[in-house]
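Now for the letters of each chain:
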Protein chains: 2
Amino acid sequence: MGIYQNRGVVLRRRPQGELVDGDLELVDLPIPELGDGDILVEVHWLSLDPYMRPRLNDLKGYAEPVGIGDVIVGESVGRVVESKSDNYRVGDFVTCYSGWQKYFVARDSDESIHRIVDSEIPLQAYLGAAGMPGRTAYGGLMHLGKPKAGETVVVSAASGAVGSVVGQLAKELGCRAVGIAGGDAKCRYVTDELGFDECIDYKSGNLLENLKAACPKGIDVYYENVGGDVTKAVAQLLNPGARVPVCGFVSAYNEKDLQQIETPFHILGALENPPEHRFFLVSEWDDQHAETTQKLAGKVKDGSLKYRETIAEGLENAEDAFKGMLKGKNFGKQLVKVKLD
Amino acid sequence: MGIYQNRGVVLRRRPQGELVDGDLELVDLPIPELGDGDILVEVHWLSLDPYMRPRLNDLKGYAEPVGIGDVIVGESVGRVVESKSDNYRVGDFVTCYSGWQKYFVARDSDESIHRIVDSEIPLQAYLGAAGMPGRTAYGGLMHLGKPKAGETVVVSAASGAVGSVVGQLAKELGCRAVGIAGGDAKCRYVTDELGFDECIDYKSGNLLENLKAACPKGIDVYYENVGGDVTKAVAQLLNPGARVPVCGFVSAYNEKDLQQIETPFHILGALENPPEHRFFLVSEWDDQHAETTQKLAGKVKDGSLKYRETIAEGLENAEDAFKGMLKGKNFGKQLVKVKLD
C-alpha cells in the first residue's frame, strides 16, 4: 500500500453561516489495510453539490453530519487500483461515495458503489448527465411527470445539472420544452445549446406573462426545482390533469421563518384543482440504476444529451470551488479533477 | 350609531419573537357609518388561533400582515344589530372576520360572512366543531382521506379542534380511530370522552411500537397535523393504497434551518411506495360551506360530536389567552367571550 499517498479535505470546525478559512483543511491521510472483499479506489473526479453544505452542520435527524476531523462527503468516479474482491478487478472504473480524498477503501458489498460498464464517454459524465443528476431528471420526469408527445413540459433551474437533462429528454419525447432560468446567458444556453423551445428569465420581470406566451397550450408537466414565485406563476397555467414532480425547492432554503414559507406543496395543494404532485428521491428507482445509467450514457455518447461543466484542478482547489458553487458561480456541473495528468 | 361603543385590540408594535406587553393594546375604536348594503355586527365570541401570530410579523407574500394600528385579525360569531342590507335582518346571527373588536361593520357582499341558520346549539360552536376547524376536519378526511368502514384512521394532534372531529367522524363511518396526542390527560380525553379506539402519547417514548400495537392492520388514512417524528413512525405502518391529507405540520414551525427540515412531503414522498398525500386548505370546499356546517351542527346538537373549550372572559383578557394558547395552555378550542352577559 505504500506506493499510494492519500490526501483529503477534512472538517476542522463547523462553519457558522458562510464557510471561512480554517473550517476545512487539506491533510495527509492514512489508507487502511485492505481486508477480504475490499477494493482500493483511486479517485479521478469529485462531484461538488449543494447538499454537502448542510452536512457540515450539527444536524439532527436529517442526515448524518460530517464529524470533526472526518473527510467531507461526496460522490466521485475513480479506478480500482487494488482489489481483494471477487466482484471488482484492478482497472475497473466505479462511482462511489469516497468523499473529498484521493484514495478510498470500500467493501465490495457497499451498495453505493457502481461499476461503470461503458467508459467510452468522459468519466466525469457519470457524476453528471449520466450520473445522479441525470437519473434524478429521468426518474422524476418519466415516472412522475409521465410526459406524452405534444404536451408542454416546464422545468425550473433549467440550466442546472438536473434541469438541463429534463428538458432534453422532454424534447426527445416530442414535447414542447420550456425552461426557467436566471439571467440572459443561462437562458441562451438552454435554448441555443440544449435545444429547449423557450427559456424564461425569471429575473427579467413579467414572469407570468412571459411564461404564458411560451406555453400557449398551458402546462402539462412542471418539473419543480425552485419553489416560490416561479411555482406561483406556473400554478396559474397548469392544465387539468397536470403532473408536478417535486425534486427540490431551493428558493426556500434562504427563508428564515418557516411560518412565512410557501413550499410548492402549499402552493399546489391549495389550488382549486391541485395537480398530481409529490416530492421524490432518486433512490426510489435504485432498482433501475444500471439500466438508466446506460440509457443516459448512450445519449451522451451519441451527442443527443448535452451538458456543461465547471472544473477545478486538484483537491487543493476544491474548497474555493465549493464556496463559488454555493454562490452560483459555476455554470453546469461543478467538478474537481482530483487525479491530475 | 351612538348607542354602541366599540373597543378593540390593535397592533402597536411588531413583536420580536414572543409577544410582550406593549405589542398589543385595547383601545376605543370608531364605528363607521353604515352605507347601503352594510350591516353592523355585535361580536359575541372570538376565536383565537395560531395563524394569528405570524400575521403580526412583517410578512412578505404569505398573507397580508396586520398593519400597525390595525385591529388584530380573527373570526367571530355575532348578532346583526343594524342592517342596511336586504340580505341580513337585525337579529340574524353570523360568523365573520371581525377581528378582535366588539363591533364590526361589513358589506353584505363579503363572502367571508355566513348566516347561521340553526341557533339551537351554542353559538361559539360555529367557531369550532361546527365551524372552520370542523369543516377542515370534514373536508380533509372525506375528500382526501376517503375512509371506508373497517379501515384504520390515525390522526395527530387528536385532542385539538380539528383532530378531535376527524376521529369522531372516522368512528361514525365504522373505522378504527387512533389518535396521537401529547400527555396522559389529552390521551384519556381522546379515548374516554371522544370515543377513539386508542390514543398514543407521543411523549411517552416507543412511539412506533405503541402505534404498531394500536394499528394491528396497519394504517389506511393518516390525517396529518404535526409532521416530524410522528410522521416518520406513521410512514412505516402505512398500508398500500393509504391516503394522507396534510392539514399542517406544527412540529416544523420551530425549526430554524430549512435545510434540516423534513416536512411530511419529504418523509412521505421519499418512501418506496408513497401514499396518496397532499396539503389542502378548507377553502377548497367553500361551495359546500353551508351543507357541511349544517351537517356538523346537527351532530353537535344530537350529542354525537363532542368538543372542549377554553374560554377567556372579555376582550381585555384576549391577549393573555392568546399568549397562553401559543404555549399550548388551552385544552380544546380557545375562545374569547366578547359580549359578557
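About the criteria used
- Residues numbered from 1 in each chain as written.
- Chains lettered and ligands numbered in written order.
- Predicted model: local features only at pLDDT ≥ 70, side-chain atom pairs only at ≥ 80, totals over all residues.
- Helix = DSSP H or I, 4+ residues; strand = E, 2+ residues; numbered from the N terminus.
- Rg over C-alpha atoms; globule rule 2.2 N^0.38 Å.
- Buried ≥ 20, exposed ≤ 12 C-beta atoms within 10 Å, placed from the backbone.
- Contact = placed C-beta atoms within 7 Å.
- pLDDT = per-residue confidence, 0-100.
- Core = buried A, V, L, I, M, F, W, Y, C linked by C-beta atoms within 7 Å.
- Axes fitted to C-alpha atoms, helices over the stretch in contact; angles between N-to-C directions.
- Parallel < 35°, antiparallel > 145°, perpendicular 65-115°, else oblique.
- Nonpolar A, V, L, I, M, F, W, Y, C, P; charged D, E, K, R; others polar.
- Pairing = 2+ DSSP bridges.
- Arc of directions from axis to C-beta.
- Left-handed = near helix turned anticlockwise from the far one by under 90°.

## With respect to the overall build of chain A
- If you tally the helices and strands in chain A, you get 9 helices and 15 strands.
- Against the compact-globule benchmark of 20 Å for 341 residues, chain A has a radius of gyration of 21 Å, which places it among compact chains.
- Here the C-alpha coordinates of chain A stretch approximately 65 × 45 × 35 Å along the principal axes.
- Looking at chain A as a whole, 46% of its 341 residues qualify as buried.
- The contacts of chain A with a sequence gap of at least 6 include a subset with a gap of at least 24, amounting to 63%.

## Some words on the confidence of the model for chain A
- Scored by pLDDT, chain A has a mean of 92; 94% of the residues are at 70 or more.
- For this predicted complex, the interface confidence score (ipTM) comes to 0.76, while the overall pTM stands at 0.85.

## Let's talk about the nonpolar core
- Counting residues in each nonpolar core, the largest one holds 182 residues, and the members touching the most others are Val 336 of chain A together with Val 336 of chain B.
- When near neighbours in sequence (up to four residues on either side) are disregarded, Val 336 of chain B contacts Trp 45, Leu 46, Leu 48, Ala 312, Leu 315, Asn 317, Ala 318 and Ala 321 of chain B.

## Overview of the packing of helix 2 (residues 132–145) of chain B against helix 8 (residues 289–301) of chain B
Residue and element names in this part refer to chain B.
- Contact pair helix 2 / helix 8: the axes reach a minimum separation of 10 Å and the direction vectors enclose 105 degrees. Taken together, the axes of helix 2 and helix 8 are roughly perpendicular relative to one another. On the side of helix 2, the interface is formed by Gly 134, Arg 135 and Tyr 138, while helix 8 contributes Thr 292, Thr 293 and Leu 296.
- Broken down by class, the residue content of the contact of helix 2 with helix 8 amounts to 2 nonpolar, 3 polar and 1 charged.

## Some remarks on the sheet that holds strand 13 (residues 276–279) of chain A
Residue and element names in this part refer to chain A.
- Pairing is parallel across the open sheet formed by 6 strands, whose spatial order is 10-9-8-11-12-13. Looking at strand neighbours, the two that pair on one side only are strand 10 (198–201) and strand 13, the edges of this open sheet. With strand direction ignored, the average angle separating the axes of adjacent strands in the sheet is 15 degrees.
- When strand 11 (residues 219–223) meets strand 12 (residues 238–246), the two strands line up parallel, connected through 2 bridges. Along strand 12, the bridge assignment pairs Ile 219 with Leu 238.
- Each of strand 8 (152–156), strand 11, strand 12 and strand 13 is contacted by helix 2 (residues 132–145), which is oriented at about 145 degrees to strand 12, the strand it contacts most.

## Observations regarding the environment of Arg 278 of chain B
- Within the element layout of this structure, Arg 278 of chain B appears in strand 13 (residues 276–279).
- Spatially, the C-alpha atom of Arg 278 of chain B lies 9.3 Å from that of Pro 264 of chain B, the residues being 14 residues apart in sequence.
- Once residues within four sequence positions are removed from consideration, Arg 278 of chain B is found in contact with Phe 265, Gly 269 and Pro 274 of chain A together with Leu 144 and Val 246 of chain B.

## Regarding helix 4 (residues 184–193) of chain B
Residues and elements named next belong to chain B.
- Residues of helix 4 that are buried include every one of Lys 186, Cys 187, Tyr 189 and Val 190, and no others. The arc enclosing the buried residues of helix 4, seen along the axis, measures out at 160 degrees, which places them on a common side. Opposite the buried face of helix 4, at more than 90 degrees from it, the exposed residues are Asp 184, Ala 185 and Asp 192.
- Buried residues along helix 4 sit against helix 3 (163–172), strand 9 (176–181) and strand 10 (198–201).

## Considerations on the packing of helix 2 of chain B against helix 3 of chain B
All names here are of chain B.
- The N-to-C vectors of helix 2 and helix 3 enclose an angle of 50 degrees; their axes lie 8 Å apart at closest approach. Here helix 3 runs oblique to helix 2, going by the angle between their axes. Crossing of helix 2 against helix 3: the hand is right-handed. For the pair formed by helix 2 and helix 3, the contact residues are Pro 133, Gly 134, Ala 137, Tyr 138 and Leu 141 on the first element and Val 165, Val 166, Leu 169 and Ala 170 on the second.
- Of the residues contributing to the contact of helix 2 with helix 3, the split by class is 8 nonpolar, 1 polar and no charged.

## What to know about the pairing of strand 5 (residues 93–96) of chain B
All names here are of chain B.
- In this sheet, strand 5 lies alongside strand 4 (residues 76–83) in antiparallel orientation, the contact comprising 4 bridges. Directly across from Arg 79, in strand 5, lies its bridge partner Phe 93.
- The sheet contact formed by strand 5 and strand 7 (residues 114–115) spans 2 bridges and is antiparallel. Bridge assignment links Thr 95 to a residue of strand 7, and that residue is His 114.

## Thoughts on the pairing of strand 10 of chain A
Residue and element names in this part refer to chain A.
- Burial along strand 10 is two-sided: the face carrying Glu 198 and Ile 200 and the face carrying Cys 199 and Asp 201 are both buried.
- As judged from the 4 bridges shared by strand 9 (residues 176–181) and strand 10, these two strands associate in the parallel manner. Paired with Val 178 across the strands is Glu 198, a residue of strand 10.

## Overview of the sheet that holds strand 11 (residues 219–223) of chain B
All names here are of chain B.
- One open sheet holds the 6 strands; their spatial order is 10-9-8-11-12-13, and the pairing between them is parallel. Two strands close off the open sheet at either side, each with one partner strand: strand 10 and strand 13. Going across the sheet, the axis of each strand differs from the next one's by a mean of 15 degrees, ignoring polarity.
- Sheet topology places strand 8 (residues 152–156) next to strand 9; 5 bridges connect them, and they run parallel. In the strand pairing of strand 9, Val 155 is matched with Gly 179.

## Focus: helix 9 (residues 318–326) of chain B
Residue and element names in this part refer to chain B.
- Where helix 9 is concerned, the buried positions are Ala 318, Glu 319, Ala 321 and Phe 322. All buried residues of helix 9 fall inside an arc of 160 degrees around its axis, so they share one side.
- For helix 9, the elements touching its buried residues are strand 1 (6–11), strand 2 (24–29), strand 3 (38–47), helix 1 (52–55), strand 14 (309–313) and strand 15 (333–337).
- Just downstream of helix 9, Gly 328 is the residue with a positive phi angle, here 75 degrees.

## Description of the environment of Cys 175 of chain A
All names here are of chain A.
- Relative to the helices and strands, Cys 175 is located in the loop between helix 3 (163–172) and strand 9.
- On the basis of neighbour counts, which here come to 22 C-beta atoms within 10 Å, the residue Cys 175 falls in the buried class.
- For the pair Cys 175 and Glu 111, spaced 64 residues apart in sequence, the C-alpha separation works out to 35 Å.

## Overview of unusual backbone geometry
- In the Ramachandran plot, Asn 206 of chain A falls in the positive-phi region, its phi being about 55 degrees despite a non-glycine side chain.
- Along the polypeptide, Asn 206 of chain A turns up in the loop between strand 10 and helix 5 (207–214).
- Positive phi values are uncommon outside glycine, yet Ala 157 of chain B reaches one of about 50 degrees.
- Mapped onto the fold, Ala 157 of chain B is located in the loop between strand 8 and helix 3.

## Some points on the environment of Pro 264 of chain A
All names here are of chain A.
- On the secondary structure map, Pro 264 appears in helix 7 (residues 264–269).
- Spatially, the C-alpha atoms of Pro 264 and Asp 229 are 9.7 Å apart, while their sequence positions differ by 35 residues.
- Setting aside residues up to four positions removed in sequence, Pro 264 forms contacts with Glu 224, Gly 227, Thr 231, Val 246 and Phe 249.

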